[in-house]
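# Report on the structure
The residues making up each chain are set out below.
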Amino acid sequence: MDFFLMVAIIAIWGTLIINLILTVAGYTWYLQEAPKPDKQLPEKIPFVTVMVPAHNEGIVIVKTVLSLLSFDYPHDHYEIIVINDNSSDNSAELLKEVQNDFGEERLKVINTDNVTGGKGKSNALNIGLKQAKGSVIAIYDADNTPERGALRLLVAELLGNDRLAAVIGKFRTRNKEATILTRFINIETLSFQWMAQAGRQRLFKLCTIPGTNYVIRREILEKIGGWDVKALAEDTEISFRVYQMGYQIKFQPRAVTWEQEPQTLDVWFHQRTRWVKGNIYVVVKNAKLLFKKAGRPIRFDLLYFLSTYFLLMTALILSDVVFVLSVAGLAHSDLQGFSNALWLFGIIMFIISTFVTVTTEKGEMRFSNILYIIFMYLVYSQMWLAVAAYGMVGYIREQVFHKQAKWYKTKRYK
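This one's a predicted model, so the numbers in the text were calculated from it and none came from an experiment.

Thresholds applied
Residues numbered from 1 in each chain as written. Predicted model: local features only at pLDDT ≥ 70, side-chain atom pairs only at ≥ 80, totals over all residues. Heavy atoms only, no water. Core = buried A, V, L, I, M, F, W, Y, C linked by side-chain atoms within 4.5 Å. Buried < 20%, exposed > 50% of the residue type's maximum accessible area, 1.4 Å probe, protein only. Helix = DSSP H or I, 4+ residues; strand = E, 2+ residues; numbered from the N terminus. UniProt positions renumbered as here; feature names shortened; annotations may be inferred. Pairing = 2+ DSSP bridges. Expected span 1.5 Å × (residues − 1). Bend = angle between axes of the 7 residues up to and from the residue. Phe/Tyr/Trp six-rings, centres within 6.5 Å; stacked < 30°, edge-to-face > 60°. Salt bridge = Lys/Arg side-chain N within 4 Å of Asp/Glu carboxyl O.

## Quick word on the nonpolar core
Of all hydrophobic cores here, the largest spans 67 residues; its most connected members are Met-51, Ile-137, Ile-209, Ile-216, Trp-227, Ile-249 and Tyr-380. For this core, the element with the highest residue contribution is helix H12 (residues 367–400), accounting for 9 residues. Counting 31 residues, the second largest nonpolar core, distinct from the first, contains Val-65, Leu-69, Leu-154 and Leu-158.

See the structure below:
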């Protein structure tokens, strides 16, 4: 029993320390980057195609498109393509009304059916790419309302370095006040997603393309053959291929988009399960490169994903099992007291580091966030454990029975 508990403690703390290092590095990077002036666009700017994959997005699509049409990027130098992907709602009619107001030159709508479309985000993006005119491609999800300067900031950063294949921005939670769950997601986004991106940027010059609010050079997309239609986490998968080509990806935190997040557990569970299965697919696909020279640019990310989805998950399950057996009096461990002391110390570290990182955003320095962070450690972390386990089982089942992974659409709210 002591052996299994010690293994679990080492694995959990190893992962915790890595994330703490990334958070500290990201926080210090942010403090250095925040005062810097924005990069300016050159006189000669590229034509940009903004692509939006959309399946049954009638609730949010008009607000999103109007936001995209309001960028402060020169309007004669970008177009918007909405891939209305096999939708059965009123998306086509709503998009047609907006198109009538702004013209087909600025807003192009591609309506697919169940033959050409309905096969997931990657397939929709590949369809849009074939009709895109831009030498730079920007991607936004259908629920996004980016700030006016987002596209300009992303493109300016991209043009500043020929070795950059893509530049990613930051996404914020638009409906963070809706439920306790969205408050959790808001903190998770600020502290564990974008702050970790900043840390990886500083320490390893690595970033993972998110599913939205990024620009990428068209020539790079064409070289790698577009998006992998088998990948549920198409963003992580394409990031790995970009790095293997010798290019870089940069994080520009001042380019901000606001997006809806799941407000109920069932929607959150399906979305996060898709993420888990998608990232496991990417890890398995690239695992053979772990100890090869060709895999050097993505080695840290491979190890990071392996430790998160395999080592950490196993360790947490072992730790929970030992705890339950000890409480039930069915097992005894001499390390239980030591483990409990580390657990308490881990909670304190988690609370302090998480709160410090969220205070980089206006309006987030409030006492209620401390309470939510404590609750996140006790509840939200266990929810993620259930998602990771379910996602892994689902991925294995799909591989054994040779089933195509199913794309679950995230529910939208008015």
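## As for the UniProt feature "transmembrane region" (unreviewed entry) in the protein
When the UniProt feature table is mapped to this numbering, "transmembrane region" (unreviewed entry) covers residues 6–30, 302–328, 340–358 and 370–393. The distance from the first to the last C-alpha atom of residues 370–393 is 34 Å, and the span holds 100% helix and 0% strand.

## Remarks on the pairing of strand E7 (residues 214–217)
A two-sided burial pattern is seen for E7, the buried positions comprising Tyr-214 and Ile-216 on one face and Val-215 and Arg-217 on the other. The pairing of strand E4 (residues 136–139) with E7 spans 4 bridges and is antiparallel. Each bridged residue has a counterpart across the sheet, and for Val-136 the counterpart in E7 is Arg-217.

## Side note on H12
For H12, spanning 34 residues, the distance from its first C-alpha to its last is 48 Å, which sits close to the expected 50 Å at 1.5 Å a residue. At Met-376, H12 is bent by approximately 50 degrees, the largest bend along its length.

## Comments concerning the packing of aromatic side chains
For the structure shown, the criterion picks out 17 aromatic pairs. Seen in terms of ring centroids, Trp-29 and Phe-251 are 5.9 Å apart; in terms of plane orientation they differ by 20 degrees. Their pairing is stacked. Taken together, the residues Trp-29 in helix H1 (residues 2–33) and Phe-251 in strand E8 (residues 248–259) connect sequence positions 222 residues apart. Exposure remark for Trp-29: the relative accessible area of 8% places this residue in the buried category.

## What to know about the pattern of salt bridges
For the structure shown, the criterion picks out 23 salt bridges. Put simply, Arg-254 and Asp-38 hold a salt bridge, and the shortest N to O gap is 2.5 Å. Placement of the pair is Arg-254 in strand E8 and Asp-38 in the loop between H1 and strand E1 (48–54), with a sequence separation of 216 residues. Since its relative accessible area comes to 29%, Asp-38 is described here as partly exposed. Linking Asp-141 and Lys-121 is a salt bridge whose minimum nitrogen-to-oxygen distance equals 2.8 Å. Of this pair, Asp-141 sits in the loop between E4 and strand E5 (145–146) while Lys-121 sits in helix H4 (residues 121–131), and the two are 20 residues apart along the sequence. By the burial criterion, Asp-141 is buried, and Lys-121 matches it. Shared partners join several salt bridges into a network, and the residues in it are Lys-170, Arg-172, Lys-176, Glu-361 and Glu-364.

## A few points about helix H6 (residues 180–204)
Taking 1.5 Å per residue as the helical rise, H6 with its 25 residues ought to reach 36 Å, and the 34 Å between its terminal C-alpha atoms agrees with that figure. Along its length, H6 shows its largest kink, about 35 degrees, at Thr-189. Among the 25 residues that make up H6, 19 are buried, leaving the element largely enclosed by the rest of the structure. Residue Lys-205 follows H6 closely and has a positive phi angle near 55 degrees.

## Some points on unusual backbone geometry
The phi torsion at Asn-56 lies on the positive side, around 55 degrees, for a residue other than glycine. As for its placement among the helices and strands, Asn-56 is situated in the loop between E1 and helix H2 (61–68). On the basis of relative accessibility, which here comes to 24%, the residue Asn-56 falls in the partly exposed class. The residue Lys-205 is not glycine, and still its phi comes out positive at about 55 degrees. With respect to the helices, strands and loops of the structure, Lys-205 is situated in the loop between H6 and E7. In this structure Lys-205 comes out as exposed when scored by relative accessible area, which is 57%.

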